[in-house]
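# Topology and contacts: notes
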Amino acid sequence: MKFESILPPDIDAQRPIVIAGPCSAETEEQVMETAKGIASKGIKIFRAGIWKPRTKPGGFEGVGAKGLPWLKRVKKETGMYTAVEVANKDHVFEALKAGIDILWIGARTSVNPFAVQDIADALHGIDIPVLVKNPVNPDLELWIGALQRLYAAGIHRLGAIHRGFSTYDKKIYRNLPLWHIPIELRRRFPNLPIFCDPSHIGGKRELIAPLSQQAMDLSFDGLIIESHCNPDCALSDASQQITPDVLDYILNLLIIRDSNQTTENLTELRRQIDYIDEQMLELLAKRMRISREIGVYKKEHNMPILQSPRYSQILENRSNMGAQMDLNTDFVKEMLKEIHEESIRQQMIIMNEEK
Ligand code: PEP
Ligand code: MN
């Protein structure tokens, strides 16, 4: 896939490209007040949910199409471009009719290939940028599949939004970042712009700044942040919305490192890393060969594969060893668990082989 710019010509592509606005459009006054606040901070793209996907019925499900003229007014009075979420064909037609500039597909829609295909069909032949949020479940292929459906419909102005992945265990994050997934997306499609949505990942105001910084350090192109003129009274996602002033404060504190500067020193250090990785892999391959030999031994002597005391002892003394070398104990334990699991898999193969 070869993507084209999602940005109108008068917006420069300097990182971070910021999209901001309320989770939901609630009233014309709330939309206008928030939009004026956001525009006064120099932000060029305004978001607002018009149709809201809610987990359970009975909550605030968005104002619906009657909010679209409010966004028209935002565009006219502030000059900002407007973006809304679409989840079906009707939403697409309504949004296009209202002159919305950018569409996004929400996380509960991108999980469903039928719904994405319907949206792609409705957009066939229309030149509008579309941003695709990751599906709620951590499935990179499904995310890519949604992008491909749109691309095949002729939508080449595409972007991705990383909004985290649903989890039962909501300790720190509302949605787990699982950064390796957007990183892999970037590796597979280097010219696809990726936005981070720290509001939905964190679920709380305090996490917006650190998550935005992490996204910038990982070379994301942009941020989509929920901002409301009166966050505490928001009808949806109140705990993760911030005022335009706080938004501006957070954006000003971001440190943007230029990813294109490769110095001589860095090149040399990278060579060393490449060399060390190669050695690590060689050692790992050797370790697996030995594990398989142990597997053969266990099979011949009719011994079980898993010997728990030995495993606990390995975990314990290796993580102490790692700690003495300034390695994070949890990291060492996790790594050994993975290696151990692979050894077990290898030994199982040997056990099940015919003599
Ligand atoms: C939103 O952006 O308000 C939204 C509903 O997000 P998500 O699809 O990421 O849950
Ligand atoms: Mn929201």
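Residues numbered from 1 in each chain as written. Chains lettered and ligands numbered in written order. Predicted model: local features only at pLDDT ≥ 70, side-chain atom pairs only at ≥ 80, totals over all residues. Heavy atoms only, no water.

To continue, consider the pairing of strand β3 (residues 81–85). The buried count for β3 comes to five of five residues, which makes it a mostly enclosed element. Burial along β3 is two-sided: the residues Tyr-81, Ala-83 and Glu-85 and Thr-82 and Val-84 are all buried. Read from strand β2 (residues 45–47) through helix α2 (residues 68–78) to β3, the crossover connection turns out right-handed. Pairing analysis gives three bridges linking β3 to strand β4 (residues 102–105), with the strands arranged parallel. Across the sheet, the residue bridging to Glu-85 is Trp-104, located in β4. Each parallel crossover has a hand, and for β3 linked through helix α3 (residues 89–97) to β4 it is right-handed. (Buried < 20%, exposed > 50% of the residue type's maximum accessible area, 1.4 Å probe, protein only. Helix = DSSP H or I, 4+ residues; strand = E, 2+ residues; numbered from the N terminus. Right-handed = clockwise from strand over helix to strand, strands pointing away. Pairing = 2+ DSSP bridges.)

The next point concerns the coordination of the manganese ion (ligand 2). Within the first shell, the manganese ion (ligand 2) binds the protein through Cys-23 (SG), His-200 (NE2), Glu-226 (OE) and Asp-237 (OD), at distances of 2.1 to 2.4 Å. Read in sequence order, the donor residues coordinating the manganese ion (ligand 2) give the pattern C-x176-H-x25-E-x10-D. In this pair, Cys-23 sits in the loop between β1 (17–21) and α1 (28–39) while Asp-237 sits in the loop between β10 (222–226) and α10 (244–253), placing the two residues 214 residues apart along the sequence. One exposure class covers both Cys-23 and Asp-237, and it is buried. (Donors = N, O, S within 2.8 Å, 3.2 Å for Na, K, Ca; no water.)

Here we come to the site of ligand 1. Every residue close to ligand 1 is listed here: Cys-23, Arg-47, Lys-52, Glu-85, Trp-104, Gly-106, Ala-107, Arg-108, Lys-133, Arg-163, His-200 and Glu-226. Within the side chain of His-200, one N or O atom sits 3.3 Å away from an oxygen atom of ligand 1. Protein chains bury 97% of the 290 Å² of accessible surface belonging to ligand 1 in isolation. (Near = heavy atom within 4 Å. Polar contact = N/O pair within 3.5 Å; in protein donor to acceptor, adjacent residues only side chain to side chain. Areas by Shrake-Rupley, 256 points an atom, 1.4 Å probe, with all protein chains shown as cover.)

What follows concerns the packing of aromatic side chains. Inspection of the entire model under this criterion finds three aromatic pairs. Ring centres of Phe-3 and Tyr-151 lie 5.9 Å apart, and the angle between their planes is 80°; this geometry places the pair in the edge-to-face category. Highlighted residues: Phe-3 in the segment before β1 and Tyr-151 in helix α6 (residues 140–152), separated in sequence by 148 residues. Each member of the pair Phe-3 and Tyr-151 is classed as buried. Geometrically, the ring pair formed by Phe-3 and Phe-189 is edge-to-face, given 6.2 Å between the ring centres and 70° between the ring planes. Of this pair, Phe-3 sits in the segment before β1 while Phe-189 sits in the loop between α7 (180–188) and β9 (194–196), placing them 186 residues apart in sequence. Ring-pair connections join several aromatic residues into one group, and the members of that group are Phe-3, Tyr-151 and Phe-189. (Phe/Tyr/Trp six-rings, centres within 6.5 Å; stacked < 30°, edge-to-face > 60°.)

Together, Met-321, Met-325, Leu-327, Phe-331 and Met-335 make up a nonpolar patch on the protein surface, roughly 480 Å² of accessible area in all. By secondary structure assignment, the location of Leu-327 is in the loop between α12 (308–324) and α13 (329–352). Exposure remark for Leu-327: the relative accessible area of 40% places this residue in the partly exposed category. (Patch = residues over 30% accessible without salt bridge, like charges linked within 9 Å, V, L, I, M, F, W, Y side chains within 5 Å. Salt bridge = Lys/Arg side-chain N within 4 Å of Asp/Glu carboxyl O.)

Quick look at the domain arrangement of the chain now. Splitting the chain by domain gives domain 1 (17–253) and domain 2 (264–352). In this structure, domain 1 and domain 2 have C-alpha centres spaced 42 Å apart. (Domains from an automatic or database assignment.)

Taking burial as the measure, the five residues of strand β6 (residues 158–162) include five buried ones, the bulk of the element. Side chains Leu-158, Ala-160 and His-162 project from β6 onto one buried face, and the interleaved Gly-159 and Ile-161 project onto a second face that is buried too. Crossover strand β5 (residues 130–133) to β6 through α6 is right-handed. Sheet topology note: the β6/β9 ladder contains three bridges and is parallel. Paired with Ala-160 across the strands is Ile-194, a residue of β9.

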